[in-house]
Amino acid sequence: MSALKWGLIGASDIAATRVIDAIRSSGGTVTGVFSGSSARAADFAATHGLGRATSNLDELLAWDVDAVYISSTNDKHFDQATRALRAGKHVLCEKPLALDAGEAEAMVQLAEDTGLVLAANHHLPGSPLHAKVRELVNDGVIGTVLSAKIAHAVLLPERLRGWRLGQGTPGSGVILDITCHDASVLNPLLGTPVAVSAVAVQQAAWNTGGQEDAAMTVIRYENNGQSPVLAQTHDSFTVGFAMTSLEVHGTKGTVQVFDAMTQDTQGEIVLTTESGARTIDVDCSEDLYLIGLRAFTAAVHGTGVPTATGRDGLMALKVALAAQESANSGRTVHIN
């Protein structure tokens, strides 16, 4: 399998701290970086040992690269991904894919029409923890699924308290940042999301941007005529002393994952049935972004699929957009 040559669209924190190392560990190389600021692009390239830097996106798309990783602010994803696909580049795009479901659908369709790989950089679906939970559920170990619950309440690092909380910034707020991650885990586990109710608030004294930093949602899922499933999520930038978790309850048992939703989770799975509770061993030593980059590379070479495809990213976005609309309107929002 030949190594992929990458271009970075966005001189971002996530590229710096996670994705560059994952690309290199997967066997790929990073040619250079684009940023809207030429000074930022040059500084980023120098810091991370990249050979090229530009503030002209067309220039990057003309480089000899196979794929691009997009980690610009959320409002730029659609335009940049579309231009990259039209330039013949495979695309790994940060979540959310876009700020409008129709735009995300157009991205997915363009990738399919051109035979290129479009994937969303949802790192959690590829986690061995979540893969094991899907296996247990699919094998009927806990019987018919009734409900699920995610606790994804964390403390947003100070270095990231910028555009994510700006009330006038497109795509900001806790729902588009975290709830879409929850959906990327719940959707392949529970079926088709059909309705969302959500409440969002601003809590942190340090949050001067005016955007909501905590939210709770209830999502209704349907799956091939079976009984509806309800999922609950608690997402927050304000909680500094809690462990994230996932619970899935069924007619024959419950599976719980402790330390389930963070980037560096070690995790623990506990399965409880009428026979009692037991721990399920899972090897969580591998970096989640490396897992994702390896799957993306396999997809490009036609030997695998991304951990979160473009269509997976689209469905996660639909849940997040419905939650945002529900929080704003005070009513349940149905997903078409």
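Before reading on, note that the structure itself is shown above.
One structure accompanies this document, and this report is about it. (Residues numbered from 1 in each chain as written. Predicted model: local features only at pLDDT ≥ 70, side-chain atom pairs only at ≥ 80, totals over all residues. Heavy atoms only, no water.)

Right, let's get into the packing of aromatic side chains. This structure, assessed with the given rule, holds one aromatic pair. Seen in terms of ring centroids, Trp 6 and Phe 296 are 5.2 Å apart; in terms of plane orientation they differ by 45°. Their pairing is tilted. One end of the pair, Trp 6, is in strand E1 (residues 5-9); the other, Phe 296, is in helix H8 (residues 288-300), and 290 residues separate them in sequence. Here the guanidinium or amino end of Arg 161 rests over the ring plane of Trp 206, the centre of that ring lying 3.7 Å away. (Phe/Tyr/Trp six-rings, centres within 6.5 Å; stacked < 30°, edge-to-face > 60°. Helix = DSSP H or I, 4+ residues; strand = E, 2+ residues; numbered from the N terminus. Lys NZ or Arg CZ within 6 Å of the ring centre and 35° of its normal.)

Turning next to the environment of Arg 278. Position of Arg 278 relative to the elements: it lies in strand E14 (residues 276-280). A C-alpha to C-alpha distance of 44 Å links Arg 278 and Gly 210, two positions 68 residues apart in sequence. The contacts of Arg 278, once residues within four sequence positions are left out, are Ile 269, Val 270 and Leu 271. (Contact = heavy atoms within 4.5 Å.)

Turning our attention to the sheet that holds strand E8 (residues 192-201). The strand order E14-E13-E12-E11-E7-E10-E9-E8-E15 describes an open sheet built from nine strands, whose pairing is mixed. Unpaired on one side and paired on the other, E14 and strand E15 (333-334) mark the two borders of the sheet. Taken together, the five bridges between strand E13 (residues 268-273) and E14 define a ladder with antiparallel strand orientation. Looking across to E14, one finds that Ile 269 is bridged to Ile 280. (Pairing = 2+ DSSP bridges.)

This next bit is on the side chain of Asp 235. Tracing the sequence through the fold places Asp 235 in strand E10 (residues 229-236). At 11 Å, Lys 95 is the nearest oppositely charged side chain to Asp 235, a buried residue that forms no salt bridge. Side-chain polar atoms of Asp 235 contact the side chain of Thr 179, separated by 2.7 Å. Residue contacts for Asp 235: discarding those within four places in its chain leaves His 152, Val 174, Ile 178, Thr 179, Asp 182, Asp 213, Ala 214 and Ala 215. (Buried < 20%, exposed > 50% of the residue type's maximum accessible area, 1.4 Å probe, protein only. Lys, Arg positive; Asp, Glu negative; His and termini not counted. Salt bridge = Lys/Arg side-chain N within 4 Å of Asp/Glu carboxyl O. Polar contact = N/O pair within 3.5 Å; in protein donor to acceptor, adjacent residues only side chain to side chain.)

Another point: the packing of helix H7 (residues 174-190) against helix H9 (residues 310-329). Where H7 meets H9, the closest approach of the two axes is 8 Å, and the angle between their N-to-C directions is 130°. By the angle class used here, H7 and H9 are oblique. Crossing angle aside, the handedness with which H7 passes H9 is right-handed. Along the contact surface, H7 presents Ile 175, Leu 176, Thr 179, Cys 180, Ala 183, Ser 184 and Asn 187, while H9 presents Met 315, Ala 316, Leu 317, Val 319, Ala 320, Leu 321, Ala 323, Gln 324 and Ala 327. (Axes fitted to C-alpha atoms, helices over the stretch in contact; angles between N-to-C directions. Parallel < 35°, antiparallel > 145°, perpendicular 65-115°, else oblique. Left-handed = near helix turned anticlockwise from the far one by under 90°.)

Counted at 1.5 Å a residue, the expected span for helix H5 (residues 101-114) with its 14 residues is 20 Å, and the 20 Å between its end C-alpha atoms agrees. Buried within H5 we find Ala 104, Met 107, Val 108, Leu 110 and Ala 111. Buried residues of H5, viewed axially, fall in a sector of 160°; they line one side. In this structure, the buried side of H5 is in contact with helix H4 (77-86), strand E6 (118-120) and H9. Where H5 begins, one side-chain oxygen reaches toward the backbone nitrogen of Gly 102, 2.8 Å away; that side chain belongs to Asp 100. Just beyond H5, the residue with positive phi is Gly 115, at close to 70°. (Expected span 1.5 Å × (residues − 1). Arc of directions from axis to C-beta.)

Every regular strand shows the same layout, with side chains that alternate between the two sheet faces. The buried fraction of strand E11 (residues 245-250) is high, at five of six residues. In terms of strand pairing, strand E7 (residues 145-153) meets E11 through six bridges, oriented antiparallel. The residue bridging Ser 147 from the neighbouring strand is His 249, located in E11. Looking at chain direction, E11 and strand E12 (residues 253-258) are connected through five bridges and run antiparallel. Across the sheet, the residue bridging to Leu 246 is Val 257, located in E12. Where E11 folds back on E12, the antiparallel hairpin that results is connected by two residues.

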